[in-house]
Amino acid sequence: MAGFSVTRRRGILAGAVTLLSGQRAGAQEDAPPWMRQQGSPVTSPPYGVPSKFEQNVIRRARVAVKFPSASSSGTPLQDLHGIITPNGLHYERHHAGVPGVDPAEHRLLIHGLVDRPLIFTIDDILRFPSVSQIHFLECSGNTPEFRDPKPDWTPQDTHGLLSCCEWTGVPLSTLLAEVGVQPSARWVLAEGADAAAMSRSVPIEKAWDDAIVAYAQNGERLRPEQGYPLRLFLPGFEGNMSIKWLRRLKLGDQPFQTREETSKYTDLMPDGKARQFTFIMEAKSVITRPAGGQQLRDPGFHEITGLAWSGRGRIRRVEVSTDGGTSWRTASLQEPVLPKCLTRFRLPWTWDGGPAALRSRAIDDTGYVQPPREALVDVRGINSGYHFNAQQTWQVAQGGAVSNAV
């Protein structure tokens, strides 16, 4: 591994063995306190909780919202490992709070340009053959860097409306085959059962491709904040389109022009026009360690690690710069590397104790390269709050404090 010699590695391991041998020689009086008493019963509490030493690894609320029941909270990406987000740390975005849907009373209606309009119960849905797929989910307003970024932001602040889970459910194509889609159908209206009746128009091609009507997440039933008992999941598309508490799918021959795709979730351009139906989340990456809010203690070897993803497919390569983009090195990608999924990348780095500017850029299997902030702003301006996928830079100061570069 570049920057970390075999000789040095052996020296560290040898020192560790010597230390452990010394601890054994010290007998019981050197044992830590948790070795001198029985541990807590495994049955308390029944569901299980993280260690008390990880109590700060929690979702944190984003900026204040105008309505009491509307809210969002971000995933602590800087504190996670691998690519899977635990259910209790998955980001949240609610437009009208979390409804208490009774699964026994909940129904899914599929109607419109179909041969056989049908109403499905949850038990009906559970009878169909299921699939399980690992995908990321990202809010289109995830990275608020277009205007007024803050130096004290952490990855949770800059990229926390992003999570990755195993989603289990029925392919939407299976349900469409049951109702018989008419040839003139080009769009699907998906509507949720929350007080906002959150609704989006989905292209029929996406519905036939990889859309899932999901009822489980990471092996357990959806949590209420993630759409219990049923949600639509559209891999690679902006998060608001994966309608939670799914109650209705209506097929039509044109987009339905709902509130969420006219006055909301459009991209205001410099000339005053707005881009509409910008569904796909483009290739993006962020370094999660070392990152904003962290402190490098000592010069020498450190591992730079982070996450990359693309709504168009697999991540092909991630490059990392320690000088703000002047030079780049190719990071290693940790398996598995899956389509429309978070990919963990790693790069060994020897820090000299001085200032550095850490930056990453992702390249997906379509050849798309994550742009620098300047290039994105030149094209898009700063009026939009959505689809900001520019390269992120963390500034390492003399002494090791890491902050958001603004």
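Residues numbered from 1 in each chain as written. Predicted model: local features only at pLDDT ≥ 70, side-chain atom pairs only at ≥ 80, totals over all residues. Heavy atoms only, no water.

Novice: Just checking my understanding: could you explain the nonpolar core for this structure?
Specialist: Generally speaking, a soluble globular protein has its nonpolar side chains buried in company with each other. Among the nonpolar cores identified, the biggest contains 36 residues, and L108, L172 and L175 are the most heavily contacted of them. Only β4 (107-112), α2 (122-127), α4 (172-179), β8 (187-192), α5 (204-209), β10 (212-217) and β13 (246-252) provide two or more residues apiece to this core. Residue contributions to this core peak at 4 residues, all from α4. With residues up to four places along the chain from it excluded, the contact list for L108 reads L118, I119, F120, I125, L175, V213, L230, L246, R247, R248 and L249. In this structure, I83, M281, V318 and V402 belong to the second largest nonpolar core, which totals 30 residues. (Core = buried A, V, L, I, M, F, W, Y, C linked by side-chain atoms within 4.5 Å. Buried < 20%, exposed > 50% of the residue type's maximum accessible area, 1.4 Å probe, protein only. Helix = DSSP H or I, 4+ residues; strand = E, 2+ residues; numbered from the N terminus. Contact = heavy atoms within 4.5 Å.)

Novice: Which parts of the structure should I look at to understand the pairing of β10?
Specialist: It is a general feature of regular strands that their side chains alternate between the two faces of the sheet. Counting buried positions along β10 gives 6 out of 6 residues, so the element sits mostly inside the fold. Pairing of strand β7 (residues 162-171) with β10 involves 5 bridges; the strand directions are antiparallel. The partner of G169 across the bridge, within β10, is A214. Across 3 bridges, the pairing between β10 and strand β12 (residues 231-233) is antiparallel. The partner of V213 across the bridge, within β12, is L232. In this antiparallel pair of consecutive strands, β10 and strand β11 (residues 220-221), the connection spans 2 residues, and N218 shows a positive phi of 55°. (Pairing = 2+ DSSP bridges.)

Novice: Even after reading the chapter, I still don't get the sheet that holds strand β1 (residues 60-61), so can you show me in this structure?
Specialist: Pairing between sheet strands relies on hydrogen bonds along the backbone, with the strands arranged either parallel or antiparallel. Strands sit in the order β1-β2-β3 across an open sheet of 3 strands; the sheet is antiparallel. Pairing within the sheet leaves two strands with one partner each, and these edge strands are β1 and β3 (92-94).

Novice: Would you explain α4 in this entry?
Specialist: Spacing of three or four residues puts side chains on the same side of an α-helix, whose turn is 3.6 residues. Of all the positions in α4, only L172, L175, L176 and V179 are classed as buried. Along the long axis of α4, the arc covered by the buried residues comes to 100°, so they all point the same way. Residue G180 follows α4 closely and has a positive phi angle near 75°. (Arc of directions from axis to C-beta.)

Novice: Mind showing me how you'd approach the pattern of salt bridges here?
Specialist: When the charged atoms of two side chains with opposite charge come close together, those side chains can pair. The tally for this structure, following the rule as stated, stands at 17 salt bridges. Across the pair E261 and R200 runs a salt bridge, and its minimum N-O distance is 3.0 Å. Here R200 lies in strand β9 (residues 199-203) and E261 lies in the loop between β13 and β14 (267-268), a separation of 61 residues in the sequence. Judged on exposure class, the residue E261 and its partner R200 are both buried. Of the charged contacts in the structure, one is a salt bridge between R317 and E319, with a shortest N-O distance of 3.0 Å. With relative accessibility at 11%, the residue E319 sits in the buried group. What you see here is one network of salt bridges that share partners, running through R59, E92 and E225. (Salt bridge = Lys/Arg side-chain N within 4 Å of Asp/Glu carboxyl O.)

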